[in-house]
Amino acid sequence: MTTTCASEPDSQALVEIIELKWLLAGEGFHVHVERLQTDRDYARQALHRAEASPNAALRETAARLRNKLRLAEG
């Protein structure tokens, strides 16, 4: 079952999703953009992976995106 993470991701959230996608790709992890926007569990997993990265830019992007998508841990 899929659920929407936010009612309509705004353009800034989409920019950050794409940034997250490419930063994670640099670490060998593929992000499916549409799934990240509609599947809360998938989004949490991707953000968790990003937040555990040694790459500060990736961690910062994940934190901003988590806030925009209103995803709390848990």
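Structure: see above.
Keep in mind it's a predicted model, so treat the numbers as computed, not measured.

Caption draft 1: How the structure looks around the environment of Glu-19. Position of Glu-19 among the secondary structure elements: in helix H1 (residues 11–25). On the basis of relative accessibility, which here comes to 32%, the residue Glu-19 falls in the partly exposed class. As a C-alpha pair, Glu-19 and Thr-61 span 42 residues in sequence and 7.4 Å in three-dimensional space.

Caption draft 2: Region of interest: the pattern of salt bridges. Summed over the entire model, instances satisfying the criterion amount to six salt bridges. Residues Asp-41 and Arg-44 are paired through a salt bridge, measuring 3.7 Å at the closest nitrogen-oxygen approach. Of this pair, Asp-41 and Arg-44 are both found in helix H3 (residues 40–51), three residues apart, which corresponds to roughly one turn of the helix. A relative accessible area of 19% means that Arg-44 is categorised as buried.

Caption draft 3: Region of interest: the environment of His-30. With respect to the helices, strands and loops of the structure, His-30 is situated in the loop between H1 and helix H2 (33–38). Residue classification places His-30 among the exposed positions, given a relative accessible area of 58%. Residues His-30 and Ala-46, spaced 16 residues apart in sequence, show a C-alpha to C-alpha distance of 9.2 Å. In this structure His-30 touches Lys-21 and Tyr-42, once residues within four positions along its chain are discounted.

Calculation criteria
- Residues numbered from 1 in each chain as written.
- Predicted model: local features only at pLDDT ≥ 70, side-chain atom pairs only at ≥ 80, totals over all residues.
- Heavy atoms only, no water.
- Helix = DSSP H or I, 4+ residues; strand = E, 2+ residues; numbered from the N terminus.
- Buried < 20%, exposed > 50% of the residue type's maximum accessible area, 1.4 Å probe, protein only.
- Salt bridge = Lys/Arg side-chain N within 4 Å of Asp/Glu carboxyl O.
- Contact = heavy atoms within 4.5 Å.

Read these as geometric descriptors, not functional statements.
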